[in-house]
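The primary structure of each chain is shown beneath.
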Amino acid sequence: MTYEISINGKNYRLELNQSAGQWSCRLNGREIEVDAVLARPNVLSLRIGNKAYEVKCERVASDVHIWVGSQRFAPEVRDPRSLRSRSHAADDHGPRKLTAPMPGKVVRILLAQGVEVEAGAGVVVVEAMKMQNEVKSPKKGTIQKILVSEGAAVSAGDVLAIVE
Amino acid sequence: MTYEISINGKNYRLELNQSAGQWSCRLNGREIEVDAVLARPNVLSLRIGNKAYEVKCERVASDVHIWVGSQRFAPEVRDPRSLRSRSHAADDHGPRKLTAPMPGKVVRILLAQGVEVEAGAGVVVVEAMKMQNEVKSPKKGTIQKILVSEGAAVSAGDVLAIVE
Amino acid sequence: MFKKILIANRGEIAVRVIRACHEMGIAAVAVYSDVDRAALHVRKADEAYPIGPAAASESYLNIQKILDVAARSGADAIHPGYGFLSENAKFARACAEAGVKFIGPTAAAMEAMGSKTRARQAMERAGVPFVPGTSRGLESFEQAQQVAEQIGYPVMLKAAAGGGGKGMRLVHAAGDLKSALDSARSEAERAFGDGEVYIEKAIINPRHIEVQVLADEHGNTVYLGERECSLQRRHQKVVEEAPSPIVDPDMRRRMGEVAVRVAQAAGYTNAGTVEFLVDQQKNFYFLEMNTRLQVEHPVTELITGLDLVHLQIRIAKGERLPFAQDDVKVRGHAIECRIYAEDPDNNYFPSPGKITLLLLPSGPGIRRDSGMYEGWTVPMDYDPLLAKLIGYGTDRDQAIGRLTRALSEYFVGGIKTNISLFRRILNHPDFRSAKIDTGFLDRMLKQTNEQPDSQADAEATEVAVIAAGMFATLGSAAAGVDERSATDGSTNTVESASNWKAAARREALR
Amino acid sequence: MFKKILIANRGEIAVRVIRACHEMGIAAVAVYSDVDRAALHVRKADEAYPIGPAAASESYLNIQKILDVAARSGADAIHPGYGFLSENAKFARACAEAGVKFIGPTAAAMEAMGSKTRARQAMERAGVPFVPGTSRGLESFEQAQQVAEQIGYPVMLKAAAGGGGKGMRLVHAAGDLKSALDSARSEAERAFGDGEVYIEKAIINPRHIEVQVLADEHGNTVYLGERECSLQRRHQKVVEEAPSPIVDPDMRRRMGEVAVRVAQAAGYTNAGTVEFLVDQQKNFYFLEMNTRLQVEHPVTELITGLDLVHLQIRIAKGERLPFAQDDVKVRGHAIECRIYAEDPDNNYFPSPGKITLLLLPSGPGIRRDSGMYEGWTVPMDYDPLLAKLIGYGTDRDQAIGRLTRALSEYFVGGIKTNISLFRRILNHPDFRSAKIDTGFLDRMLKQTNEQPDSQADAEATEVAVIAAGMFATLGSAAAGVDERSATDGSTNTVESASNWKAAARREALR
């Protein structure tokens, strides 16, 4: 099985094969000795050479994060049977979504549909645990659409508005 | 849904219905107010009246145990979609199985096929964690069959011999 | 001893009090709102009663509902925990009238401490040191000007009924006084329905150090050493430790004796905390008294070897303190981290949701007081405190080492937490050398995260790449139950109560 | 300080030492046998090396393999834990020759203590009190008769090279002496390849009390109070506590000073334990010295506030003891429960297998040192110790209360454990009143389980019936991942190493 995996914009080519619990692994063509045990769901006890790592896989809504010890990574894996690929890529062209960073309640809409917006300007205010959180525009542009109304309950990852 | 449940030989008739997360319950015809949350797999947070209980369901091989706090019960549930029914009932008639109480290794066969055996007499010796455990005959009778050989690895619940 | 105690609270403190009850052979009664049916305190209680909707005002803050449960369950005492009704004199009085023992001070003692200015007058009579300033609300801008001149700028304006920084203004020069006074007053009016504002000399970069006191109902009052609580964000404590690195035995004795005088001046009983501001010359000034058990009480328990909740219960039952001041010995060092459901990458905003994976630290010197469990959905309706991780050591360095180790074992998946923040704090040179004050944390957070070792970083990245491939290869087998529940938040609940979306809808309807 | 430490052990003690390393900023190297690939100590280590098949003789007891890993990994010290190679003088010497620091006493000190009779001679010169009897092996039956007459029956025969009760015989009357001597000798011969047997006055219903000592490499030796270890089954400790309920400060000082003399007489360094028998008149007699860290060391850590593993490492590095005898203060009370994979319903025989559900206790006064986790399969090849649950309290009653509470929170599903045993012990009136001796546990186990409250019982039964119905109704949704793994033990492992059936097959092939 071969994967195209990118982390922080850097791309890796990973060839991975498993038979009888043994793994063979090539990373960007380089042979790597690996050995893994799934200690419990989403927790891998990984050995690379003789170094040991506890790796956690965190799946929340559309996000998949890989934790190596205390460091968090957001890999994008490309392959048919892969973890869901994520690609709200870093380019500023075309429409961009504003998503709720946490579940909560929409308490205020700051900018109306169609108006101009600066990058970093607040668009929607979401409240949870008695704290208010301004969801800001990721880019300069115009508000193409507001998809929520004040008082609405939203979950993490829900699209609140689209900026074009 | 109606269940016939027996614990320690005592039989109970349980009528249980669930709709929209609400339970209705009749035990031996008596209406009981219950409310339950599955805190995590196999762990129920149960309210009966206003009393609160943490109930654990332990499934090992063919056994199902229910733990109420620190007390363990071995219920037999009769119903098509039920927990696997268990019935090595208490009657001493007909053949009885000797099963391994723990995973381990058969180190000795004490009685040969066909010989007479007293209730409580050791038949097979299983070793694990450097300790040897005599598996005893549940009844007086003759050894109908020995199903393991010395040196064999067995898991908990495996049938070692049959006494008739 | 009491037969049955009702815990009028939720989360980790409810669990902590339930444990104390069980350790003393006392039955524990839990109360819960609609979104808390699946909460840990309900699982651990002997009895549990629903008390209404998520909104605290309709459940945990509803005095009548809680007294009804006390009556129905036959509880003979109520422990309020912290927050909610714990410092509500009305509630304490209502308990007394209902013939249920309130585990805490009397309503009168609470009221004496409730208003900062009134407390101050009583304390001044008892010879308690105060930050220079007015002991009562300002009549006029002129008076404010006058006092400010006397004590010298910078000065601090504070709301008499205040707390949590509301109605507070720092004024550096006479020119800014007028506008600051007006805005402080209106903010206090809005926040507390009471615009009374007083003025104090501003202490720059103070430390916040508090003293734990215990008083029985027979006139015996002792102090149990101090807690250093200078690490705060938005006036919210984040890390506390005991003892304070700057307090020596003599200063401890002097602060302790003042704290005892404060308690006695208010006729205080049960557990309480006297807060002090400490300036760079180690002068300490009385700030206020908290008439409840503190979130951070465990650090005091670890260095004194005592159990404050057991003692609260015994005192409430009328027992005498089982020890004298001289028997109280401070040993070792303890540090507490408050684990919040907050997103470090999003300015530490709350992050409720379902906990899909939970790996727990344990081992030498580690205490974990928690209200969460794997599979539980953190409701969006309450304070985001999930758990407290407390490290004890022979000395401060060992406590830091153990806590750092335990934090690296701690993993909470599915929601965001501030665990990474503690790693930064515990590794910070100024924290290691105990150069801390109430401004430390805001300053640290302004610094960009110290450059990580890029080589280790590259290595970790490759590990992440390989692991990502392995998880992809293993597919759902590797995800176990978690993947299912991540896509269906309700698989962990038989009823919908703790399915947060339902809760959110209810919330939205209000 | 050391850069990297190899831990030549497994299970909870390997995890505990790895934690100490991380707390001190030292890299930890794990070794593991084929059936331990999925073990917790491998997950937590910085490096991990396979050292062969399940059989300890081919892995954890193989000196060469372990020294090879030390060389390959560049470890500069080795911690042996307890058991395995921890008291093996050959290993200690081999480490020295390989230039790797052995964290423990010198080979010479071990050998001085290794043989009970030789140790005894050294000790007698140091004026250490002994049970009356021969200090060297018996030459003849006649000599045995003679000595037995002198000291009076009952007498105890013991193997010089012995331990764990092997080669031990209690003799009540002269008539039984001959046969007892012969069988003791042949058993000792079989067990230790050394038939040397000596004779002692038998102490009836003694207490087993041990003293922890620490010695640096600069001649400083201190004692850290005692541990009461009288609760044993099959000569296996089950519950330990500190301090001993019968030891007062004066007796503690006298025992401690003897223990220090014992250590000094053997030129002992690092951590060690001096075991005493104590008779009903509180006379104490030297039994033996254990030249390793004890399983039960945490109870000493809790009452002294020290970390013995940190201190072992510092001492091995050549540091001086950071405190003097007078600085050592005993505070509070600590009790340890050894959680074994044993079946209480089957005469406490080992019960390896897959842990399908694990609920963990925590909170005030609770320390958990564990080598297990949910989803792990306990291998059948090693000692059944899974974890240690330690309770600390201001006094013994509070420690018992907290431990009882924590035990009720502790749940290990899928395998049998002895958790229920501790509930019986902690509730037993004789234990509560500290009337315990080495015979207590066997006597208690002979008693039929005290009648449970039949009404509470009936109630719990109804709860079980209702819950059984609910689990049946909920079906697999309620079982989550556990059901799958219960039917397919391998779902939790990518490779087959920790799939015990595979391990068992390998085992069977040997």
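Criteria and thresholds
- Residues numbered from 1 in each chain as written.
- Chains lettered and ligands numbered in written order.
- Predicted model: local features only at pLDDT ≥ 70, side-chain atom pairs only at ≥ 80, totals over all residues.
- Heavy atoms only, no water.
- Helix = DSSP H or I, 4+ residues; strand = E, 2+ residues; numbered from the N terminus.
- Contact = heavy atoms within 4.5 Å.
- Areas by Shrake-Rupley, 256 points an atom, 1.4 Å probe, with all protein chains shown as cover.
- Rg over C-alpha atoms; globule rule 2.2 N^0.38 Å.
- Buried < 20%, exposed > 50% of the residue type's maximum accessible area, 1.4 Å probe, protein only.
- Lys, Arg positive; Asp, Glu negative; His and termini not counted.
- Charge placed at Lys NZ, Arg CZ, Asp CG, Glu CD.
- Pairing = 2+ DSSP bridges.
- Buried area = accessible area lost by both parts, 1.4 Å probe.
- Salt bridge = Lys/Arg side-chain N within 4 Å of Asp/Glu carboxyl O.
- Polar contact = N/O pair within 3.5 Å; in protein donor to acceptor, adjacent residues only side chain to side chain.
- Nonpolar A, V, L, I, M, F, W, Y, C, P; charged D, E, K, R; others polar.
- Phe/Tyr/Trp six-rings, centres within 6.5 Å; stacked < 30°, edge-to-face > 60°.
- Disulfide = S-S within 2.5 Å.
- Axes fitted to C-alpha atoms, helices over the stretch in contact; angles between N-to-C directions.
- Parallel < 35°, antiparallel > 145°, perpendicular 65-115°, else oblique.
- Core = buried A, V, L, I, M, F, W, Y, C linked by side-chain atoms within 4.5 Å.

Peer 1: What is the right way to look at the overall build of chain A in this model?
Peer 2: Broken down by element type, chain A carries zero helices and 18 strands. Counting only contacts in chain A whose residues sit at least 6 apart along the sequence, the fraction spanning at least 24 positions is 40%. A total accessible area of about 7,500 Å² is found for chain A, and carbon and sulfur atoms account for 49% of it.

Peer 1: Would you mind showing me how to read the overall build of chain C here?
Peer 2: Of regular secondary structure, chain C possesses 18 helices and 22 strands. Rg of the C-alpha trace for chain C: 24 Å, near the compact-globule value of 24 Å for 510 residues, within the 12% margin. Once the C-alpha set of chain C is aligned to its principal axes, its extents read approximately 75 × 60 × 50 Å. Classification of the 510 residues of chain C by burial places 65% in the buried group. The contacts of chain C with a sequence gap of at least 6 include a subset with a gap of at least 24, amounting to 65%. Total accessible area on chain C is roughly 17,000 Å²; 49% of this is exposed by carbon and sulfur atoms. In chain C, the 61 positive side-chain charges and the 66 negative ones have mean positions that sit 2 Å from each other.

Peer 1: Would you mind going over the pairing of strand β12 (residues 104-109) of chain A with me for this structure?
Peer 2: Walk down a regular strand and you will see the side chains alternate between the two sheet faces. All names here are of chain A. Summarising the sheet, β12 and strand β17 (residues 153-154) pair through two bridges and their orientation is antiparallel. Bridge pairing links Gly 104 to Val 154 in β17. The pairing of β12 with strand β14 (residues 122-128) spans four bridges and is antiparallel. By the bridge assignment, Val 106 is partnered in β14 with Val 126.

Peer 1: Please explain the interface of chain D and chain B as it appears in this structure.
Peer 2: Interface size is often expressed as the accessible area that is lost when the parts come together. Taken together, the contacts link 59 residues of chain D with 58 residues of chain B. For the chain D and chain B pair, buried surface summed over both sides reaches about 4,900 Å², with 67% attributable to carbon and sulfur atoms. Together, Ile 466, Met 470 and Phe 471 of chain D form the three largest contributors to the area buried by chain D at its contact with chain B, with a combined 14%. At the junction of chain D and chain B, the tally comes to four salt bridges. Taking the shortest distance from any N to any O, the salt bridge between Glu 374 of chain D and Arg 40 of chain B comes out at 2.8 Å. Linking chain D with chain B are 10 residue pairs in polar contact (both at pLDDT 80 or more). Those elements giving two or more residues to the side of chain D that touches chain B turn out to be β16 (349-350), β18 (357-359), β22 (411-413), α16 (454-474), α17 (476-487) and α18 (500-509) of chain D. Among the elements that take part in the side of chain D that touches chain B, α16 of chain D stands out by supplying 17 residues, more than any other.

Peer 1: How should I be thinking about unusual backbone geometry in this particular structure?
Peer 2: What you tend to see is this: most non-glycine residues have negative phi, and most peptide bonds are trans. Residues and elements named next belong to chain C. Across the junction of Ala 242 and Pro 243, the peptide omega takes the value -5 degrees, indicating a cis bond. By the secondary structure assignment, Pro 243 is in the loop between β11 (236-242) and α9 (249-265). A positive phi angle is found at His 235, which is not glycine, with a value near 55 degrees. Residue position: His 235 is located in the loop between β10 (221-233) and β11. The phi dihedral of Tyr 348 is positive, around 55 degrees, even though this residue is not glycine. For Tyr 348, the position within the fold is in the loop between β15 (342-343) and β16 (349-350).

Peer 1: Mind showing me how you'd approach the pairing of strand β21 (residues 385-393) of chain D here?
Peer 2: Residues and elements named next belong to chain D. Of all nine residues that make up β21, nine are buried, and the element is covered over most of its length. Bridging between strand β14 (residues 333-340) and β21 involves eight bridges; their strand directions are antiparallel. Along β21, the bridge assignment pairs Ile 339 with Ala 387.

Peer 1: Honestly, the side chain of Glu 301 of chain C in this entry has me stumped. Any pointers?
Peer 2: Residue and element names in this part refer to chain C. For Glu 301, the position within the fold is in helix α10 (residues 297-304). In this structure Glu 301 comes out as buried when scored by relative accessible area, which is 4%. There is a polar contact of 2.7 Å between the side chain of Glu 301 and the backbone nitrogen of Leu 308. Residues within four places of Glu 301 in sequence aside, it is in contact with Arg 16, Leu 306, Asp 307, Leu 308, Val 309 and Arg 367.

Peer 1: What is the right way to look at the interface of chain A and chain D in this model?
Peer 2: Every contact between the two is made by 20 residues of chain A and, on the other side, 21 residues of chain D. Overall, the association of chain A and chain D removes approximately 1,600 Å² of surface from exposure, summing both partners, and the carbon and sulfur fraction of that is 49%. The interface formed by chain A and chain D contains two salt bridges. The partner of Arg 43 of chain D in a salt bridge is Glu 54 of chain A, and the shortest N-O contact between them spans 2.8 Å. Our count for the chain A to chain D interface comes out at seven residue pairs in polar contact (both at pLDDT 80 or more). Every element with two or more residues in the side of chain A that touches chain D is listed here: β3 (22-27), β5 (34-40), β6 (43-48) and β7 (51-60) of chain A. Examining the composition of the side of chain A that touches chain D, we find that six residues originate from one element, β5 of chain A, more than from any other. Across the side of chain A that touches chain D, the residue classes break down as 10 nonpolar, five polar and five charged.

Peer 1: Is there a simple way to explain the packing of aromatic side chains in this structure?
Peer 2: Two measures describe an aromatic ring pair: the distance that separates the ring centres and the angle between the ring planes. Residue and element names in this part refer to chain D. For the structure on display, the rule yields 18 aromatic pairs over all chains. Here the aromatic rings of Tyr 60 and Tyr 382 are separated by 5.6 Å at their centres, their planes lie at 80 degrees, and the arrangement is edge-to-face. Within this pair, whereas Tyr 60 is found in the loop between β3 (47-50) and α3 (63-73), its partner Tyr 382 is found in the loop between β20 (377-378) and β21, the two being separated by 322 residues in sequence. The exposure class assigned to Tyr 60 is buried, which follows from its relative accessible area of 0%. Taking 6.4 Å as the distance between ring centres and 75 degrees as the angle between the ring planes, the aromatic pair formed by Phe 84 and Tyr 382 counts as edge-to-face. Here Tyr 382 lies in the loop between β20 and β21 and Phe 84 lies in the loop between β4 (77-79) and α4 (89-98), a separation of 298 residues in the sequence.

Peer 1: Can you walk me through the sheet that holds β12 of chain A in this structure?
Peer 2: Within a beta sheet, neighbouring strands are joined by backbone hydrogen bonds and run either parallel or antiparallel to one another. The strand order across the open sheet built from four strands is β15-β14-β12-β17 (chain A), with neighbouring strands paired in antiparallel fashion. Of all strands in the sheet, those bounded by a partner on one side alone are β15 (131-136) and β17 of chain A.

Peer 1: Can you walk me through the state of the cysteines in this structure?
Peer 2: One way to say it: the disulfide is the covalent bond shared by the sulfur atoms of two cysteines. In the structure shown here, the tally under the stated rule is zero disulfides over all chains. The thiol of Cys 25 of chain B is not disulfide-bonded; the next cysteine sulfur, from Cys 57 of chain B, is found 17 Å away.

Peer 1: For this particular structure, what's the right way to read the environment of Ala 153 of chain B?
Peer 2: Positionally, Ala 153 of chain B belongs in strand β17 (residues 153-154). Classification of Ala 153 of chain B as partly exposed rests on a relative accessible area of 33%.

Peer 1: Help me understand the packing of α4 of chain D against helix α5 (residues 107-114) of chain D, please; the structure alone is not making it clear to me.
Peer 2: The relative placement of two packed helices comes down to the angle between their axes together with the axis-to-axis distance. Residue and element names in this part refer to chain D. Two elements in contact, α4 and α5, have axes separated by 8 Å at closest approach and are oriented at 170 degrees. On the basis of their axis angle, the class for α4 and α5 is roughly antiparallel. Side by side, α4 and α5 meet where Ala 89, Ala 92 and Arg 93 of the first sit next to Ala 107, Ala 108, Met 110 and Glu 111 of the second. Split by residue class, the contact of α4 with α5 holds five nonpolar, no polar and two charged.

Peer 1: How should the nonpolar core be read in this particular structure?
Peer 2: It is characteristic of soluble globular proteins that their nonpolar side chains tend to be buried jointly. Core analysis: the largest hydrophobic core is formed by 67 residues, its most contacted members being Leu 6, Ile 78, Phe 91, Leu 214 and Phe 323 of chain D. In contact with Leu 214 of chain D, other than residues within four places in its own chain, are Asn 220, Thr 221, Val 222, Leu 224, Asn 270, Ala 271, Leu 308, Leu 311, Ile 315, Leu 321 and Phe 323 of chain D.

Peer 1: Just checking my understanding: could you explain helix α10 (residues 297-304) of chain D for this structure?
Peer 2: Because the α-helix completes a turn every 3.6 residues, residues three or four places apart line up on one side. All names here are of chain D. The element α10 is largely enclosed, with a buried count of seven among its eight residues. Within α10, the full set of buried residues consists of His 297, Pro 298, Val 299, Thr 300, Glu 301, Ile 303 and Thr 304. Looking one or two places after α10, you find Gly 305, whose phi comes out positive at around 75 degrees.

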